[in-house]
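This is what each chain is made of:
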Amino acid sequence: MINIINSKNVFFLFLFLHLLIWTIVPTISNVNLPLDTIEALAWASNPDWGYNKHPPMSAFVVGAVFNIFKSNDWTYYLLSQIFVIISFFYVWKLSSEFFQKKAFTFLSVLILETIVFFNYTTPEFNVYVCQLPIKAITVYFFWKSINNNNSLDWLILGLFSSLGVLTHYSFFFLIISLLFFLIFFVDKSKKGFIKN
């Protein structure tokens, strides 16, 4: 079993290896950028608050990267992996709220790594990859907010919920789910602790 000190080190090594592998492999193997990334670049050339298919967040992010790195394909693969490892990090932080053994927090991220949306499809930066860390951060700060009732946590929750809506309209399902949980499962008289 991985001990507490080693599990943190192994987790950060895992994040680094994920970032490295899933940036280098598509950089070497792909001739062109994936279509969704090219579409986001096209949208970014004419910034707007919405497009015929999606809200603007993915286009804003890709446009910012293009302004710095221009048309170096590897930067868009790196961008995707940065978004993925941020989501891994917040899943790891959230799971550490539940598990006493730190090895289980690492295992919760390893399980995500086995899902195709967190590995094979991630080199294509699109609205779904853009949404991954925002969903993880939103859920993490929702959990902190209902348990600590800290104004800063609620503010961060509101900010990332707003950013989530700018990634994809399906983000409303997460917001509605969190609202449902807040209404029916949180005991407000006990300063936010979950009902028994």
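As the structure is a computational prediction, the values presented were derived from the model and not from experiment.

Asker: Which parts of the structure should I look at to understand the pattern of salt bridges?
Answerer: Side-chain pairs of opposite charge can arise whenever the charged atoms involved come near each other. Applying the stated criterion across every chain yields a total of 2 salt bridges. Between E39 and K53 there is a salt bridge, with its nearest N and O atoms 3.3 Å apart. One end of the pair, E39, is in helix α2 (residues 35-44); the other, K53, is in the loop between α2 and α3 (57-69), and 14 residues separate them in sequence. As a salt-bridge pair, K144 and D153 come within 3.9 Å of each other at their nearest N and O atoms. We classify D153 as buried; its relative accessible area is 5%.

Asker: What is the right way to read the layout of surface pockets from this model?
Answerer: Empty space left among the atoms is revealed by rolling a probe the size of a water molecule over them. One number sums up the size of the largest pocket: a volume of about 190 Å³. Looking at side-chain class alone, the lining of the largest pocket contains 6 nonpolar, 3 polar and 2 charged residues.

Asker: Help me understand the environment of V91, please; the structure alone is not making it clear to me.
Answerer: As for its position among the elements, V91 is in helix α4 (residues 73-96). As a C-alpha pair, V91 and A136 span 45 residues in sequence and 6.1 Å in three-dimensional space. Each residue touching V91, except ones within four places of it in the same chain, is listed here: S108, V109, L112 and A136.

Asker: How should I be thinking about the environment of N32 in this particular structure?
Answerer: Relative to the helices and strands, N32 is located in the loop between α1 (4-29) and α2. The sequence separation of N32 and P55 amounts to 23 residues, and the corresponding C-alpha distance is 24 Å.

Asker: Before we go on, may I ask you to explain a nonpolar patch on the surface in this structure?
Answerer: Taken together, the side chains of L13, F16, L17, L20, I21, I24, V25 and I28 make up a nonpolar region of the molecular surface, amounting to roughly 740 Å² of accessible area. Position of L17 among the secondary structure elements: in helix α1.

Asker: What is the right way to look at helix α8 (residues 171-185) in this model?
Answerer: Since the α-helix packs 3.6 residues into each turn, any two residues three or four apart lie on the same face. Taking 1.5 Å as the rise per residue, α8 with 15 residues should run 21 Å; its terminal C-alpha atoms sit 21 Å apart, in good agreement. For α8, the full list of buried residues reads F171, L174 and L178. Viewed along the axis of α8, the buried residues span an arc of 60°, placing them on a single side of the element. Exposed side of α8, more than 90 degrees from the buried face: F173 and I176 are the residues found there.

Asker: Is there a simple way to explain the packing of helix α7 (residues 151-165) against α8 in this structure?
Answerer: For any two helices packed against each other, the geometry is given by the interaxial angle and the distance between the axes. Close contact between α7 and α8 brings their axes to 8 Å; oriented N to C, the two are set at 150°. Here α7 contributes W154, F160, S161, G164 and V165 to the contact with α8, which in turn contributes F171, F172, I175 and L182.

Asker: Can you help me understand the packing of α3 against α4 in this one?
Answerer: Viewed as axis vectors pointing N to C, α3 and α4 meet at an angle of 135°, and their least axial separation amounts to 10 Å. In terms of orientation, α3 and α4 fall into the oblique class. The chirality of how α3 crosses α4 is right-handed. Between α3, through V61, V62, V65, F66 and F69, and α4, the contact on the second element is made entirely by T75, Y76, L79 and F83. Among the residues forming the contact of α3 with α4, the class breakdown is 8 nonpolar, 1 polar and no charged.

What counts, and where the lines are drawn
- Residues numbered from 1 in each chain as written.
- Predicted model: local features only at pLDDT ≥ 70, side-chain atom pairs only at ≥ 80, totals over all residues.
- Heavy atoms only, no water.
- Salt bridge = Lys/Arg side-chain N within 4 Å of Asp/Glu carboxyl O.
- Helix = DSSP H or I, 4+ residues; strand = E, 2+ residues; numbered from the N terminus.
- Buried < 20%, exposed > 50% of the residue type's maximum accessible area, 1.4 Å probe, protein only.
- 1 Å grid on protein atoms, 1.4 Å probe; cavity = no way out; pocket = protein on both sides within 12 Å on 5 of 7 lines; lining within 4 Å.
- Points joined across faces, edges and corners; volume = space filled by probe spheres on them.
- Nonpolar A, V, L, I, M, F, W, Y, C, P; charged D, E, K, R; others polar.
- Contact = heavy atoms within 4.5 Å.
- Patch = residues over 30% accessible without salt bridge, like charges linked within 9 Å, V, L, I, M, F, W, Y side chains within 5 Å.
- Areas by Shrake-Rupley, 256 points an atom, 1.4 Å probe, with all protein chains shown as cover.
- Expected span 1.5 Å × (residues − 1).
- Arc of directions from axis to C-beta.
- Axes fitted to C-alpha atoms, helices over the stretch in contact; angles between N-to-C directions.
- Parallel < 35°, antiparallel > 145°, perpendicular 65-115°, else oblique.
- Left-handed = near helix turned anticlockwise from the far one by under 90°.

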